[in-house]
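# Coordinates in review
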Amino acid sequence: MMHQVHPVRMYLTIFAVLIILTFTTVFVAELDLGPWNVFVALAIAAIKATLVILFFMHVMESSSLTKLFVVAGLMWLGLLFGLTFNDYMSRTWSALGKWW
Amino acid sequence: MAANTEVVEHGPELRHHFEQPDQQYQAATLGMWTFLLTEIMFFGGLFAAYAIYRAAYPDAFASTSQYMDVIVGGVNTAVLICSSLTMALAVRSGQLGQRNAVILFTIATMILGAVFLGVKAYEYHHKWVEHLVPGFNWHYEDSRYAHHAQILFFLYFVMTGMHAIHMIVGEGLLLSLVIMAWRKKFTSLWSTPIEIVGLYWHFVDIVWIFLFPLLYLIGKHKL
Amino acid sequence: MSTLVETPRTGAEINYLNADYGWKSWLFTTDHKRIAMLYLISITGFFFVGGFFAFLMRMELLTPRGDLVQADTYNKFFTMHGIMMIFFFLIPSIPATLGNFLVPIMIGARDLAFPKINLLSWYIYITGGLFALGAVVAGGVDTGWTFYTPFSTTYSNTYVMAAALGVFISGFSSILTGLNFVVTIHKMRAPGMTWHRMPLFIWSHYATSIIQILGTPVVAITILLVAAERIFHVGVFDPAVGGDPILFQHLFWFYSHPAVYIMILPGMGVISELVTCFSRKRIFGYTVVAYSSIAIAVIGFLVWGHHMFTTGQSMYAGLVFSALSFLVAVPSAIKVFNWTATMYRGSVSFDAPMLYVFGFIGLFTIGGLTGLFLAASAVDVHLQDTYFVVAHFHYVMVGGMVMAYLGGIHFWWPKMTGRMYPEAWAKFAALVVFVGFNLTFFPQFMAGYLGMPRRYHAYAEEFQVYNVLSSAGASILGAGYLIPMVYLVWSLWFGKRAPANPWGAVGLEWMIPSPPPTLNFDKTPVVTWEAYQYHEPDRPEVEVGR
């Protein structure tokens, strides 16, 4: 029925990791990594989100159906981004040229 | 031949159209997850707009970072992460039937959420004072980027505003949890509302986890 | 042998309609069947509002000159027609009426997973409708139902905010209905009701719900951005600050294309139920039809750019969207083949619901094929924004969806109301609708192909003959829609009382009384048979009610 009860220590550990990652992302933003800044920032955010999803939202021990729903949501977000970017990234390929 | 499901111990919370409490619990959590899917797509549209314009106007977007207070934003991020911890602990206390702990952790979550909103209100006021509200009160110092920076600040207000609205709704939901817990509605057998409000709260936290780097940490460095 | 009830019920029997009286028992009900009836009445109201605007448009288009109304007023007509018909009629139509009524019963449940959210969904729908009607009464909107920027954000002086708010609010009604259906279908199926034993009506509603859940929020945020831009006087779609109006179109059509599948999939589910019953035969290729519904829902999210071939997206993106649009036609075509194969060597009868099935299959095929013409981007350059597009979508939505809706209403009318409608009148009305529909919309293919643009209140002289034919057809079509209104209402008081299973159909809904009791089943059924067991001489019996 309900998920197993986890020790408080588990939640505190995840919390600590999230705080450390927050410091990390602020720190890294100060460095000049050129185009990698945004990727690192997004990667760290993705890791934080994953930790919240798996442990705070208990998806780790949820049913396959719940996991499927989470994956489906992310996939659909990907479809929105992917096919829209497909247009913007290819605007310069043809005579249309840059609109911006 | 008919199915008479075996009699199951349950409290008054089992609705008549469900056969088993477990079925009702699974339906409730699946329902909240389905709702969160709609929220992913809702915010997703805003993130898509952001991504396209940042790619188009990297310099203008980078120029806006000087007006974003990273310390304030970072502290607010930490506050929200703390609130996620207290929320998760409230859910855990609900699973254990610990009424007082549920109330304390939920109120703690509410307080942390209110701190977040207060800081946000302070930031909004600051933006107004600095003439960084598109349409209403806009004056951008760097005239090269005055137009395109408006897009970023428009998105800033819409995205953080939407997030704040969701936080306020969350505060209302948390309050209803406090009231329910106070009235001793929750037992170790049934604390579903705490869990599903928890899912909602964590989701709102995740949205901010992405908003923070994208709005505050664009940095002095171009894309 | 059969324990299926055949004798009519007397009025003394308690059913969902007479279980409780008074307006409070209706406006505060959580019974999915009563909520379905509330939707049925309100949706019909919005249908006639939208139809009224269509009538006004067709009156203006009788003559080439813009002589009935000004251009701005005509713009308001087609905008309100589109908004009413799409958001307040077609999108809720089958799911909110037949779906709400039948989904729990067909899977052996007592109600949907969230009955109160179901009622909330209706109130949200009404609220959104009131905002939209308010926009109409206050003076109208002229942006087109598509709200393209920058006209809707910057230049339109009409009641854009009210209309946009109405659409925004009604979107939540759609989301909640979809959410309810998804959870119900996953968690409330009776014992033995496996996924592959469910009626195809359920599969199509599941697919519809996927789209409602994942698509609607995107148009919600898009409308919000338009509203914000009107308030801020600057925004992300504003070219003056470097915004791209095409981004609006991307975000808008990301929902609005899958929305057309929200509109048609439930109709396809109805057709699967009707074609099996009136051919006395199980569906040909159950699994394929079931998964084609899911395929339509998924692939339908990948094709939205075919609305934007000529508006400014890159040619490469156009190429990708064009190819994907060809792909999405495949599962729809598969369904048409399977329905036809179901009829082959079946024992086909021509009751009124079946007449609507024939109409659907033929007209949907024409509409679908003309969609392929439009999917070819080179052809679309010529046909975009002409009456060819108008004819295409009316063939699928009116020739397809509305026919399926009427067929379903007739088919399940005895179940929902306990009354039979007059069959002769129903057959007559179906024929009038079919004739009126084709006379209205086929000339529009021709006018469009020859170059007549859409959304214009005046046109070149050479198109007049097509427009006169079309307007004549529209009056016949209107009459065809009014006739069932009259006899269906008449039947509520004077129609023959219906037995539990007047059609001899197979399905859990036909095993309970007409009208059903509030909790549907006395005992939860245990399902041990496959769907559509028309070929079995000893059809399944189960003790599910009185």
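Residues numbered from 1 in each chain as written. Chains lettered and ligands numbered in written order. Predicted model: local features only at pLDDT ≥ 70, side-chain atom pairs only at ≥ 80, totals over all residues. Heavy atoms only, no water.

### Some points on the overall build of chain A
As a reminder, the rule being used: Only DSSP runs of H or I with at least four residues qualify as helices, and only runs of E with at least two residues qualify as strands; both kinds are numbered from the N terminus onward. Radius of gyration means the value over C-alpha atoms here, while the globule rule gives 2.2 Å times the residue count to the 0.38 power. When a residue's accessible area, from a 1.4 Å probe over protein chains only, is under 20% of the maximum for its type it is buried; when over 50% it is exposed; and in between it is partly exposed. Surface exposure here means Shrake-Rupley accessible area, sampled with a 1.4 Å probe, where a residue is shielded only by the protein chains that are shown.
The number of helices and strands found in chain A is three helices and zero strands. When the helices and strands of chain A are listed from N to C terminus, the series reads α-α-α. In terms of C-alpha radius of gyration, chain A reaches 19 Å, well past the compact-globule figure of 13 Å for 100 residues. Taking the principal axes of its C-alpha atoms as reference, chain A extends roughly 60 × 40 × 15 Å. Across the 100 residues in chain A, those meeting the buried criterion constitute 46%. Accessible surface, chain A as shown: approximately 5,200 Å² in total, 76% of it carbon and sulfur.

### Focus on the overall build of chain B
The cut-off we apply is this: Here, two residues are considered to be in contact whenever any of their heavy atoms come within 4.5 Å of each other. Think of it this way: Lys and Arg go in the positive column, Asp and Glu in the negative one, and His and the chain ends go nowhere. Working definition for charges: the position is that of NZ of Lys, CZ of Arg, CG of Asp or CD of Glu.
In terms of helices and strands, chain B carries six helices and three strands. Secondary structure elements of chain B occur, N-terminal to C-terminal, as β-α-α-α-α-β-β-α-α. For chain B, buried positions account for 62% of its 223 residues. Summarising the internal contacts of chain B: among those between residues at least 6 apart in sequence, 78% fall at separations of at least 24. Element-wise, carbon and sulfur atoms account for 64% of the exposed surface of chain B, whose accessible area totals about 8,600 Å². For chain B, the centre of its 12 positive side-chain charges and the centre of its 15 negative side-chain charges are spaced 5 Å apart.

### Describing the environment of Q464 of chain C
All names here are of chain C. Heads up, the rule is: Distance and chemistry together define a polar contact, namely a pair of N or O atoms within 3.5 Å, with one atom able to donate a hydrogen and the other to accept it when in protein, and with adjacent residues in sequence counting only for side-chain atoms on both sides.
Within the secondary structure, Q464 is located in helix 16 (residues 464-494). Put simply, Q464 and P64 are 400 residues apart on the chain and 6.1 Å apart in space, counted from C-alpha to C-alpha. Those residues in contact with Q464 that sit more than four places away from it in its chain are L62, T63, P64 and Y459. Engagement of the side chain of Q464 in a polar contact is seen with the backbone oxygen of L62, the distance being 2.9 Å.

### Topic: the interface of chain B and chain A
Just so we agree on the cut-off: Simply put, the buried area is the total loss of 1.4 Å probe accessible area from both parts when two parts are fitted together. Throughout, the ten residues Ala, Val, Leu, Ile, Met, Phe, Trp, Tyr, Cys and Pro are labelled nonpolar, Asp, Glu, Lys and Arg are labelled charged, and all others, Gly among them, are labelled polar.
The interface of chain B with chain A comprises 51 residues on the first partner and 50 residues on the second. Summing the contributions of chain B and of chain A, the shared interface buries around 4,400 Å²; its carbon and sulfur component is 81%. Counting across the chain B and chain A interface gives two residue pairs in polar contact (both at pLDDT 80 or more). At the level of elements, helix 1 (21-56), helix 3 (70-95) and helix 6 (192-216) of chain B are the ones that each hand at least two residues to the side of chain B that touches chain A. For the side of chain B that touches chain A, the element with the highest residue contribution is helix 1 of chain B, accounting for 18 residues. Class assignment of the residues belonging to the side of chain B that touches chain A gives a composition of 34 nonpolar, 10 polar and seven charged.

### Describing the interface of chain C and chain B
Residue-level contacts link 44 residues of chain C with 39 residues of chain B. Note on chain C versus chain B: buried area summed over both sides is about 3,600 Å², and carbon and sulfur give 75% of it. For the pair chain C and chain B, the interface holds nine residue pairs in polar contact (both at pLDDT 80 or more). Tallied by class, residues from the side of chain C that touches chain B come to 31 nonpolar, five polar and eight charged.

### Details of the confidence of the model for chain B
Residues and elements named next belong to chain B. Just so we agree on the cut-off: Per-residue confidence from the predictor is reported as pLDDT, which spans 0 to 100.
Overall, the predicted model of chain B reaches an average pLDDT of 91, with 93% of residues at or above 70. The element-level mean pLDDT for chain B is lowest in strand 1 (residues 2-3), coming to 38, with helix 4 (residues 99-129) highest at 97. This stretch, residues 1-5, has a pLDDT under 50; its non-local contacts, to residues over four places away or in other chains, come to 11 contacts. The complex model carries a pTM of 0.94, and its ipTM stands at 0.92.

### Points about the nonpolar core
Cut-off, in case you're wondering: Joining through side-chain atoms within 4.5 Å is the link that ties buried Ala, Val, Leu, Ile, Met, Phe, Trp, Tyr and Cys residues into a set, and such a set is a nonpolar core.
Judged by nonpolar contacts, the single largest core of 303 residues is most densely connected at M57 of chain A together with F201 and W412 of chain C. Setting aside residues no more than four positions away along its own chain, M57 of chain A makes contact with V52 of chain A together with W33, L36, L199, H202, F203 and I206 of chain B.

### Looking at the environment of T24 of chain A
All names here are of chain A. On the secondary structure map, T24 appears in helix 1 (residues 8-30). Taking the relative accessible area as the measure of exposure, T24 reaches 29% and is therefore partly exposed. Along the backbone, T24 and A41 are 17 residues apart, and their C-alpha atoms lie at a distance of 9.2 Å.

### Structural notes on the packing of aromatic side chains
Operational definition: Only rings of Phe, Tyr and Trp enter the pairing, Trp through its six-membered ring, and a pair is recorded when the two centres are within 6.5 Å. The plane angle decides the type: under 30 degrees is stacked, over 60 is edge-to-face, the rest tilted. We count a charge as sitting over a ring when the NZ of a lysine or the CZ of an arginine lies within 6 Å of the ring centre and within 35 degrees of the ring normal.
Tallied over the entire structure, the rule returns 69 aromatic pairs over all chains. For the ring pair F42 of chain B and F43 of chain B, a centre distance of 5.9 Å and an interplane angle of 90 degrees mean the geometry is edge-to-face. The burial state of F42 of chain B is the same as that of F43 of chain B; both residues are buried. Through a chain of ring-to-ring contacts, three or more aromatic side chains come together here, namely F201, F278, F411, W412, Y421, Y487, W503 and W510 of chain C. Residue placement shows R34 of chain C over the ring face of W26 of chain C; its charged tip is 4.3 Å from the ring centre.

### Describing a nonpolar patch on the surface
Residue and element names in this part refer to chain C. Convention followed: Each patch is built from residues that are more than 30% exposed by relative accessible area and take part in no salt bridge. Like charges join if they lie within 9 Å; nonpolar side chains (Val, Leu, Ile, Met, Phe, Trp, Tyr) join within 5 Å. Salt bridges are defined by distance alone: a side-chain nitrogen of Lys or Arg within 4 Å of a carboxyl oxygen of Asp or Glu.
Taken together, the side chains of L482, M485, V486, V489, W490, L492, W493 and F494 present a nonpolar region at the surface, about 830 Å² in accessible area. As for its position among the elements, L482 is in helix 16. Relative accessible area serves as the criterion here: at 48%, L482 is assigned to the partly exposed category.

### Focus: the packing of helix 8 (residues 200-232) of chain C against helix 9 (residues 245-277) of chain C
All names here are of chain C. Worth spelling out the cut-off: The convention used is that axes are lines fitted to C-alpha atoms, helices contributing only their stretch in contact, and that angles between N-to-C directions extend from 0 to 180 degrees. Roughly parallel means an angle under 35 degrees; roughly antiparallel, over 145; roughly perpendicular, 65 to 115; everything else is oblique. Rotating anticlockwise by less than a right angle from the far helix to the near helix defines a left-handed crossing, while the corresponding clockwise rotation defines a right-handed one.
Look at helix 8 against helix 9: their axes get within 8 Å of each other, and the N-to-C directions meet at 160 degrees. Between helix 8 and helix 9, the crossing angle belongs to the class labelled roughly antiparallel. Relative to helix 9, helix 8 is oriented so that their crossing is left-handed. When the residues that make up the contact of helix 8 with helix 9 are grouped by side-chain class, the tally is 21 nonpolar, nine polar and one charged.

### Some details on the pattern of salt bridges
Residue and element names in this part refer to chain C. Inspection of the entire model under this criterion finds eight salt bridges over all chains. One salt bridge in this structure joins D31 and K33, with 3.1 Å as the shortest N-O distance. K33 matches D31 in its accessibility class, with the two residues each being buried.

### Side note on the side chain of K187 of chain C
Within the secondary structure, K187 of chain C is located in helix 7 (residues 160-187). One buried charged residue, K187 of chain C, remains without a salt bridge, the closest side chain of opposite sign being D22 of chain B at 7.5 Å. Excluding residues that lie within four positions of it along the chain, K187 of chain C makes contacts with L65 of chain A together with Q23, Q26, A27 and L30 of chain B.

### Quick notes on helix 3 of chain B
All names here are of chain B. Counted only if it meets this: Under the convention used throughout, the expected extent of a helix is 1.5 Å for every residue step, that is, one less than its residue count.
In this model helix 3 runs 37 Å from its N-terminal to its C-terminal C-alpha over 26 residues, within 8% of the 38 Å that 1.5 Å per residue would give. With 22 of its 26 residues buried, helix 3 lies for the most part within the structure. Put simply, D69 is the residue that caps the front of helix 3, since its side-chain oxygen is 3.1 Å from the backbone nitrogen of I71. Of the residues one or two after helix 3, G97 is the one with positive phi, at around 70 degrees.

### Quick notes on the environment of M85 of chain C
Residue and element names in this part refer to chain C. Mapped onto the secondary structure, M85 falls in helix 3 (residues 71-90). Considering only alpha carbons, one finds M85 and F47, 38 residues apart in sequence, at a separation of 6.2 Å. With residues up to four places along the chain from it excluded, the contact list for M85 reads F47, G50, G51 and L90.

### With respect to the side chain of H32 of chain C
Residue and element names in this part refer to chain C. In this fold, H32 is placed in helix 2 (residues 32-60). On the basis of relative accessibility, which here comes to 0%, the residue H32 falls in the buried class. A distance of 3.2 Å separates a polar atom in the side chain of H32 from the backbone oxygen of F101. Setting aside residues no more than four positions away along its own chain, H32 makes contact with N100, F101, P104, I105, R110, D111, L112, N118 and N520.

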